[in-house]
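Next come the chains, spelled out residue by residue.
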Amino acid sequence: MMTTPAPARTPASIAETYERDGFALPIDVLTEGDARALRDDLEAAEAELADDAERLGLLRTYPDRLLPSFDALIRHRGILRAVTSILGPDLLVYSAALFIKPARSDKIVSWHQDLTYWGLDDAEEVTCWVALSPATRESGCMRFVPGSHKTRIVPHVDTYADDNLLSRGQEIAVAVDEADAVLCELQPGQASLHHGHLFHASGPNTTEDRRIGVAIRYIRPSMKQDSGDRPLVALASGVDRFRHFSIAASPQGRLLERDIKICRQEAALRRKLFL
Ligand SMILES: O=C(O)CCC(=O)C(=O)O
């Protein structure tokens, strides 16, 4: 079971910083040993699926549906304590995809605002990005523009750049001043929180290790898809009084065939919803 290190920051101070800057970090959520155990479980699963690109893609998009260890992560007490200080006690997990940059890779993430693309009706959303390996300037950690969450969604363009980890190379179409940005450096087991309107990006990985992070998107159950669809989400805390989404069951084992089938169906729906 994952343990929670003594919190270096109180929920109140996290909420205050988040309100002002649109992000809060670093938040100590896992011990280094627990972060290593999650990474080992992920990498064992990646090795099992190495010859199957489609299943490997599903694993990296839905680790919480295919590995009980990642299902436990999205329900981790330390994370929930931080996120509930912002969104309140009732929390759904809209997605929990991995962002992986291989060692010595030119993969970047261009400046963007997350809520541009998901077709959700509101902005009651917080991403908790948990580092499973060092996220540093050298390994391509995220960069945030403090206060930019107070801007509504600005125009974005699709660049389709090969080196971009985002599916269409989506990028903010207005100038972002790099001088305004701050680095989001995290040690394994630490996390950051960021707002869905925050301008953020990340650079290449020049190190000899993979840079691995899990981006857990928490939303209030009052949120809904503009399209009226009810994608599959996890109920991580509290109650869902709204029923705007379908609630996923926790995985009862690793890489189960029935869970893979559900993820495949869900991926098709999410492709349709993605703006
Ligand atoms: O992992 C990264 O470099 C970028 C992640 C990101 O854009 C996000 O979590 O919203």
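Predicted, not measured: the structure shown is a model, and the values here were computed from it. (Residues numbered from 1 in each chain as written. Predicted model: local features only at pLDDT ≥ 70, side-chain atom pairs only at ≥ 80, totals over all residues. Heavy atoms only, no water.)

Trainee: Go over the packing of aromatic side chains with me, naming the residues and quoting the values.
Mentor: Tallied over the entire structure, the rule returns 4 aromatic pairs. Summarising the aromatic geometry, the rings of Tyr 94 and Phe 245 are spaced 6.1 Å apart at their centres and angled 80° between planes, so their arrangement reads as edge-to-face. Here Tyr 94 is found in strand E2 (residues 91–101), whereas its partner Phe 245 is found in the loop between strand E12 (232–237) and strand E13 (246–247), with 151 residues between them in sequence. Taking relative accessible area as the criterion, Tyr 94 reaches 4% and is therefore assigned buried. By relative accessible area, Phe 245 is classed as buried at 2%. (Phe/Tyr/Trp six-rings, centres within 6.5 Å; stacked < 30°, edge-to-face > 60°. Helix = DSSP H or I, 4+ residues; strand = E, 2+ residues; numbered from the N terminus. Buried < 20%, exposed > 50% of the residue type's maximum accessible area, 1.4 Å probe, protein only.)

Trainee: Which residues make up the environment of Gly 196, and what values go with them?
Mentor: If you trace the backbone, Gly 196 turns up in the loop between strand E9 (190–195) and strand E10 (200–202). Residue classification places Gly 196 among the buried positions, given a relative accessible area of 0%. Filtering out sequence-adjacent residues up to four positions away, Gly 196 remains in contact with Gln 113, Asp 114, Leu 115 and Glu 125. (Contact = heavy atoms within 4.5 Å.)

Trainee: Quick one: what's the story with helix H3 (residues 53–61), residue by residue and with numbers?
Mentor: Regarding H3, the residues found buried are Leu 56, Leu 58 and Leu 59. Down the axis, H3 shows its buried residues gathered within 160° of arc, on one side only. Tucked into the core, H3 has its buried residues touching helix H2 (32–48), helix H4 (63–66), E2 and helix H7 (257–273). (Arc of directions from axis to C-beta.)

Trainee: I'd like to hear about the pattern of salt bridges, residue by residue, with values.
Mentor: Counted by the stated rule, this structure contains 23 salt bridges. Where Glu 257 meets Arg 55, a salt bridge forms, and the shortest distance between an N and an O atom there is 3.0 Å. In this pair, Glu 257 sits in helix H7 while Arg 55 sits in helix H3, placing the two residues 202 residues apart along the sequence. (Salt bridge = Lys/Arg side-chain N within 4 Å of Asp/Glu carboxyl O.)

Trainee: Before we move on, can you summarise the site of the ligand with the specific residues and values?
Mentor: Around the ligand, the structure places 13 residues, and the nearest of them are Asp 114, His 200, Ser 202, Arg 211 and Arg 217. A distance of 2.9 Å separates an oxygen atom of the ligand from a polar atom in the side chain of His 200. The side chain of Arg 217 places a nitrogen or oxygen atom 2.9 Å from an oxygen atom of the ligand. When the free accessible area of the ligand is taken as 290 Å², the share hidden by the protein chains comes to 100%. Those elements giving two or more residues to the shell around the ligand turn out to be E2, strand E3 (109–112), E10 and strand E11 (211–219). No other element matches the 3 residues that E11 contributes to the shell around the ligand. Looking at the shell around the ligand residue by residue, the class counts come to 5 nonpolar, 4 polar and 4 charged. (Near = heavy atom within 4 Å. Polar contact = N/O pair within 3.5 Å; in protein donor to acceptor, adjacent residues only side chain to side chain. Areas by Shrake-Rupley, 256 points an atom, 1.4 Å probe, with all protein chains shown as cover. Nonpolar A, V, L, I, M, F, W, Y, C, P; charged D, E, K, R; others polar.)

Trainee: Provide a residue-level description of the pairing of E12, including the pertinent values.
Mentor: Each regular strand displays side chains that alternate between the two surfaces of the sheet. Taken across its 6 residues, E12 has 5 buried, putting it largely inside the fold. Strand direction decides the pairing type here: E2 and E12, joined by 3 bridges, are antiparallel. When the sheet's bridge partners are listed, Val 93 is paired in E12 with Ala 234. Pairing geometry for E12 and E13, over 2 bridges, is parallel. Along E13, the bridge assignment pairs Val 233 with Ile 247. (Pairing = 2+ DSSP bridges.)

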